[in-house]
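As a plain string of letters, each chain reads:
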Amino acid sequence: MTLANWRLPPFNRWGFQHVREILPTASIAGAGRRHGALGRSERRIAKLAFPGPDGKEWTVGRMLPETFTDGFVLMQRGRILAEWYDAGMTPETPHIVFSVSKSLTGALAGILVERGQLDPDLPVTRYIPEAAGSAYGDCTVRHVLDMTVSIEFEENYLDPHGVFGRYRLATGWNPLPEGIKPTDLRSFLVTLKRDKRAHGSLFHYVSPNSDLMGWILERASGVPYAELLSEAIWKPLGTEQDGYVTVDRLGAPRSAGGICVTTRDLARFGEMMRLRGLASGRQIVPGRWIDDITEAGDPKPWQISESGKLFAPEGRYRSKWYIMGYPSGAYCAVGIHGQWIYIDPAADMVIAKHSSQPLPVDMPTDNLLLAAFDALGRWLEKSA
């Protein structure tokens with residue numbers, strides 16, 4: 001296992017559960033709470049059949065191993081109905097969530113907005129003066145939250161030499177080639193250049209936006225990102241285990257993709273979102289911020305983008321969450337290699353899934369998972 005191969009199969013099945021042994025990290029302290037017994041519906045759920053996008057009949061029990069699932073938790077109204085682990089993972093094992101980290105960061109932003117520490121309508125430079133002259137020099141925090149920054153950057157996970165490869169070097173996720181001067185994440189962010197289109201006109205998925213958002217949150221609150229996430233969300237949520245986030249060589253967190261947590265705690269976070277920010281009777285994320293995620297925002301930048309082909313025509317992206325446009329009101333957080341939080345309000349359902357899919361992006365697998373999640377939601381809604 002090396003820095004060069006930890007994200008590649010077959011090493012990723014171990015690497016995604018042992019990120020702290022590969023990269024420097026900062027701890028996200030949890031509450032250390034133990035919770036009640038699991039539900040008793042696992043066998044029935046495993047046998048649930050649904051039509052796959054390939055035209056064949058699948059079952060949930062078959063889908064889980066064939067989509068390289070490492071951890072899976074299905075909740076309804078806060079009760080765990082099914083839990084499944086593979087590849088040596090246990091309920092106590094933190095696993096990287098990749099870009100689901102963005103959605104946790106988006107929820108954290110809502111807390112600072114409620115505190116009066118952050119204004120999404122202000123320019124980024126109000127919080128990060130160093131961004132002047134970069135792509136972020138004349139955009140707002142809202143553009144960063146909604147991925148509508150006009151920026152010259154392509155999210156090409158398989159390109160080791162272009163701008164995405166330089167980004168990975170800056171984060172410390174790729175080994176530094178011989179003769180190349182070490183860099184760091186935040187110095188890299190302020191080198192990114194503006195595109196010609198107007199900010200706010202097009203959804204353009206760029207992971208550095210969410211790393212910049214973590215920097216904005218630190219500046220707005222005066223608290224390091226990992227500590228802020230712990231005190232504002234992870235401890236109040238009643239999590240069972242500590243989490244952690246990868247950091248670069250200077251300690252800057254990868255708030256776009258470096259968070260590692262257990263599957264149960266990931267599901268617990270999803271349940272809090274389903275309940276409009278409530279957990280154990282305590283308001284954690286402001287309810288009106290979650291309402292804004294699920295109900296507000298301009299759908300056009302998403303719908304005219306390439307990503308607009310995903311989900312239903314009414315789908316969109318808001319504050320780092322995907323709103324799917326389904327009649328159920330479903331919305332989700334998604335990370336490469338198969339990381340998910342899927343929330344179905346109509347069925348009172350939350351799914352958390354950790355995976356080690358071989359490819360970073362695999363649309364046939366994603367479509368299979370969406371069919372399975374939708375089938376589970378429909379079944380639970382009918383059986384309620």
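See the structure above.
Numbers given to residues run from 1 along each chain, matching the order in which its sequence is written. Totals for whole chains, interfaces and linings use all residues, but because this is a predicted model, local features are given only for residues with pLDDT of at least 70 and pairs of side-chain atoms are given and counted only at 80 or more. Values shown for side chains rest on all heavy atoms present in the structure; no hydrogens or waters enter the calculation.

A. Summary view of helix α10 (residues 263-274). To qualify as a helix, a DSSP run of H or I must reach at least 4 residues; to qualify as a strand, a run of E must reach at least 2; elements of each kind are numbered from the N terminus. Helix span is expected to be 1.5 Å times the residue number reduced by one. Spanning twelve residues, α10 covers 16 Å between terminal C-alpha atoms, matching the ideal 16 Å at 1.5 Å per step. Here the term buried applies to any residue with accessible area under 20% of the maximum for its type, exposed to any over 50%, and partly exposed to those in between, with areas from a 1.4 Å probe on protein chains only. With respect to burial, α10 is a largely interior element, twelve of its twelve residues being buried. Every buried residue of α10 is listed here: Thr 263, Arg 264, Asp 265, Leu 266, Ala 267, Arg 268, Phe 269, Gly 270, Glu 271, Met 272, Met 273 and Arg 274. Phi turns positive one or two residues past the end of α10, at Arg 276, with a value near 55°.

B. Representation of the packing of aromatic side chains. We call Phe, Tyr and Trp rings a pair once their centres come within 6.5 Å, taking the six-membered ring for Trp, and we label the pair stacked below 30 degrees between planes, edge-to-face above 60, and tilted otherwise. Summed over the entire model, instances satisfying the criterion amount to 20 aromatic pairs. Seen in terms of ring centroids, Phe 203 and Tyr 317 are 4.9 Å apart; in terms of plane orientation they differ by 55°. Their pairing is tilted. Taken together, the residues Phe 203 in the loop between α7 (185-189) and α8 (207-221) and Tyr 317 in strand β11 (residues 316-318) connect sequence positions 114 residues apart. Accessibility expressed as a relative area gives 6% for Tyr 317, which makes it buried. Judged by centre distance (6.0 Å) and plane angle (75°), the rings of Phe 311 and Tyr 322 are edge-to-face.

C. Broad picture of the pattern of salt bridges. Whenever a carboxyl oxygen of Asp or Glu lies within 4 Å of a side-chain nitrogen of Lys or Arg, that contact is scored as a salt bridge. Applying the stated rule across the entire model yields 23 salt bridges. The residue Arg 197 makes a salt bridge to Asp 195 at a minimum N-O spacing of 2.7 Å. Overlapping salt bridges, with partners in common, bring together Glu 83, Glu 240, Arg 264, Asp 265 and Arg 268 in one network.

These figures come from the coordinates and say nothing about function on their own.
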